[in-house]
Amino acid sequence: MKRVYLVLIVFVTLFFISSCELVSSTTEKTTTENKTIEYVGVKISILDNFINDPLVDYYYIDGEKGLYIYDVSVKEYQDDSGAQVIEHEINYHLTPKYNCFYITTLIRENGDLKELDSSTATCTDFMAKFSHSIGYGYKDSKVNEKIIFKVNFSFMPNFISYEVIEYDQSHNKLVSKTITLDNISDEYIIQQDTAYCKIIYQYLEGEVSQSDVKIIDHKDIINGYTERFYTLTENDERAFYIIQFKVEPTNS
């Protein structure tokens, strides 16, 4: 059965902070006298006008992402000063209708979740792309570390199509299917002898056609691969679709 997940931004409360568990590998911790602080994420507050109160908050916390935070990557490296850096890159969709925001850093201080500080409220023109980074560092005789939360903003795309091409181990094409909003379903079943799938996602950014390509291995599908993509509705609200990939069952 076709399932469409349409969420109106004004009514959504996405993330329950109290249910989160700490992912220690993606947070940084510093200890002062009688106080331990962990930098655990950010809150993205959406406004319909920069002078108004937030309509809704979306959380990236302890490695878990809220609904319209559509992608997150974490990388570790050493910067020019010799500090060990953990950088959380967070990708978020705005819309022409709701394009004002501010960002707040979230910490745990002696186990209690708190807000550390916030950026100023910002509004952006439709189709503008930009990033906002909040970084913290600390250094003592033993520790020289930094943590960065980098939020990349782009506007919600308009979905065109989603093509799945299946290949065998010899890289021969087995079958392909193009999915549109007219024929989308909750599941996509691949053949037993499919070694991997090539997925081509086509969408519009404004009036410009774009495409993303990814390769999904058979073992990823066995482990429960799920695809999620987003689109704007006619009223400039946001909708997202979920497709669960599964392997065709064997005949008993």
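These remarks concern the structure in this document. (Residues numbered from 1 in each chain as written. Predicted model: local features only at pLDDT ≥ 70, side-chain atom pairs only at ≥ 80, totals over all residues. Heavy atoms only, no water.)

Details of the overall build of the protein chain
And then number 1: Regarding its fold elements, the protein chain presents one helix and 19 strands.
And then number 2: Residues classed as buried in the protein chain amount to 43% of the 252 residues present.
And then number 3: Once local pairs closer than 6 in sequence are excluded, the contacts in the protein chain between residues at least 24 apart make up 60%.
And then number 4: Summing over all exposed atoms, the protein chain offers an accessible surface of approximately 13,700 Å²; the carbon and sulfur share of this is 45%. (Helix = DSSP H or I, 4+ residues; strand = E, 2+ residues; numbered from the N terminus. Buried < 20%, exposed > 50% of the residue type's maximum accessible area, 1.4 Å probe, protein only. Contact = heavy atoms within 4.5 Å. Areas by Shrake-Rupley, 256 points an atom, 1.4 Å probe, with all protein chains shown as cover.)

A closer look at the sheet that holds strand E17 (residues 208–217)
And then number 1: With respect to topology, four strands assemble into an open sheet ordered E14-E13-E16-E17, the strand pairing being antiparallel. Each of the sheet's edge strands pairs with one partner strand only, and the pair in question is strand E14 (173–179) and E17. Between one strand axis and the next, the sheet turns through 15 degrees on average, direction left out of account.
And then number 2: When strand E13 (residues 158–167) meets strand E16 (residues 196–205), the two strands line up antiparallel, connected through nine bridges. Following the sheet pairing, Ser161 is matched in E16 by Gln202. (Pairing = 2+ DSSP bridges. Axes fitted to C-alpha atoms, helices over the stretch in contact; angles between N-to-C directions.)

Structural notes on the pattern of salt bridges
And then number 1: Applying the stated rule across the entire model yields seven salt bridges.
And then number 2: Ionic pairing is found between Lys214 and Glu227, a salt bridge with its closest N-O pair at 3.2 Å. Note that Lys214 is positioned in strand E17 and Glu227 in strand E18 (residues 226–232), a separation of 13 residues in sequence.
And then number 3: Here Glu227 falls in the buried class, since its relative accessible area comes to 7%. (Salt bridge = Lys/Arg side-chain N within 4 Å of Asp/Glu carboxyl O.)

Observations regarding the nonpolar core
And then number 1: Core analysis: the biggest nonpolar cluster contains 29 residues, and Ile46, Tyr68, Tyr92, Val151 and Phe153 have the highest contact counts within it.
And then number 2: Going through the elements one at a time, strand E3 (35–47), strand E4 (56–61), strand E7 (84–94), strand E8 (100–109), strand E11 (130–139), strand E12 (144–155) and E18 are the ones with two or more residues in this core.
And then number 3: Taken together, domain 1 (34–155) and domain 2 (158–247) each give at least three residues to this core, which thus spans both. (Core = buried A, V, L, I, M, F, W, Y, C linked by side-chain atoms within 4.5 Å. Domains from an automatic or database assignment.)

Concerning the environment of Thr120
And then number 1: By the secondary structure assignment, Thr120 is in the loop between strand E9 (112–118) and strand E10 (122–123).
And then number 2: Considered as a pair, Thr120 and Tyr102 are 18 residues apart in the sequence and their alpha carbons are 5.9 Å apart.
And then number 3: What Thr120 contacts, discounting residues up to four positions off in sequence, is Phe101 and Tyr102.

Some words on unusual backbone geometry
And then number 1: Although it is not a glycine, Asp62 sits at a positive phi angle of roughly 55 degrees.
And then number 2: Mapped onto the fold, Asp62 is located in the loop between E4 and strand E5 (64–65).
And then number 3: Unlike most non-glycine residues, His171 shows phi in positive territory, near 70 degrees.
And then number 4: The exposure class assigned to His171 is exposed, which follows from its relative accessible area of 55%.

Topic: the packing of aromatic side chains
And then number 1: Enumeration over the complete set of coordinates arrives at 15 aromatic pairs.
And then number 2: An aromatic cluster is defined as three or more aromatic residues linked by ring pairs; in this entry it consists of Phe159, Tyr162, Tyr201, Tyr203, Phe229 and Tyr241. (Phe/Tyr/Trp six-rings, centres within 6.5 Å; stacked < 30°, edge-to-face > 60°.)

Describing the pairing of E13
And then number 1: Burial runs high along E13: seven of the ten residues are buried.
And then number 2: The pairing of E13 with E14 spans six bridges and is classified as antiparallel. Note on E14: the bridge partner recorded for Glu166 is Val175.

Some remarks on the side chain of Glu87
And then number 1: Within the element layout of this structure, Glu87 appears in strand E7.
And then number 2: One polar contact links Glu87 to Tyr77, side chain to side chain, over a distance of 2.7 Å.
And then number 3: When residues no more than four places from it in sequence are discounted, the contact partners of Glu87 are Ser73, Val74, Lys75, Tyr77, Ile148 and Lys150. (Polar contact = N/O pair within 3.5 Å; in protein donor to acceptor, adjacent residues only side chain to side chain.)

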